[in-house]
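# A closer look at the structure
Each chain, written out:
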Amino acid sequence: MQKGQENKTDAGKRTFTKRLVSLNTGAAWGSILLSIYTGEAAVVVPSMCMLIAGLLGVYSGTGHLDYRAFVQGRTRSPDQ
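Scope of this entry: the structure provided in the associated data block. (Residues numbered from 1 in each chain as written. Predicted model: local features only at pLDDT ≥ 70, side-chain atom pairs only at ≥ 80, totals over all residues. Heavy atoms only, no water.)

To continue, consider the overall build of the chain. Looking only at helices and strands, one finds 2 helices and 0 strands in the chain. By the burial criterion, 10% of the 80 residues in the chain qualify as buried. Counting only carbon and sulfur atoms, one obtains 63% of the accessible surface of the chain, whose full area is about 6700 Å². (Helix = DSSP H or I, 4+ residues; strand = E, 2+ residues; numbered from the N terminus. Buried < 20%, exposed > 50% of the residue type's maximum accessible area, 1.4 Å probe, protein only. Areas by Shrake-Rupley, 256 points an atom, 1.4 Å probe, with all protein chains shown as cover.)

This is the structure in structure tokens:
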């Protein structure tokens, strides 16, 4: 396998998670807008804002851990 193909394969794994987080965040924003329209904003908006913050926090946190593991793997010598 060539080097360019490896990068495309790795990027494909991250694309699914990015799409999943984007869709869930969009659905949460849709719920917020619908709740404002129907008058239930006092109940829905705080929980959906927490959901959005949690999704983005988990996505960023796991991305950071993946990147840190990737960097550590590249800096190790072959005999470790």
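Moving on, there is more to tell.
Moving on, we get to the environment of Leu56. Take Leu56: it is sitting in helix 2 (residues 41-75). Sequence separation of Leu56 and Ser22 is 34 residues, and the distance between their C-alpha atoms is 9.1 Å. Apart from the residues within four sequence positions on either side, Leu56 is in contact with Val21 and Thr25. (Contact = heavy atoms within 4.5 Å.)

Another point: the side chain of Ser35. Counting through the fold element by element, Ser35 comes out in helix 1 (residues 3-38). Beyond its immediate chain neighbours, meaning those up to four positions away, Ser35 contacts Glu40, Ala41, Val44 and Val45.

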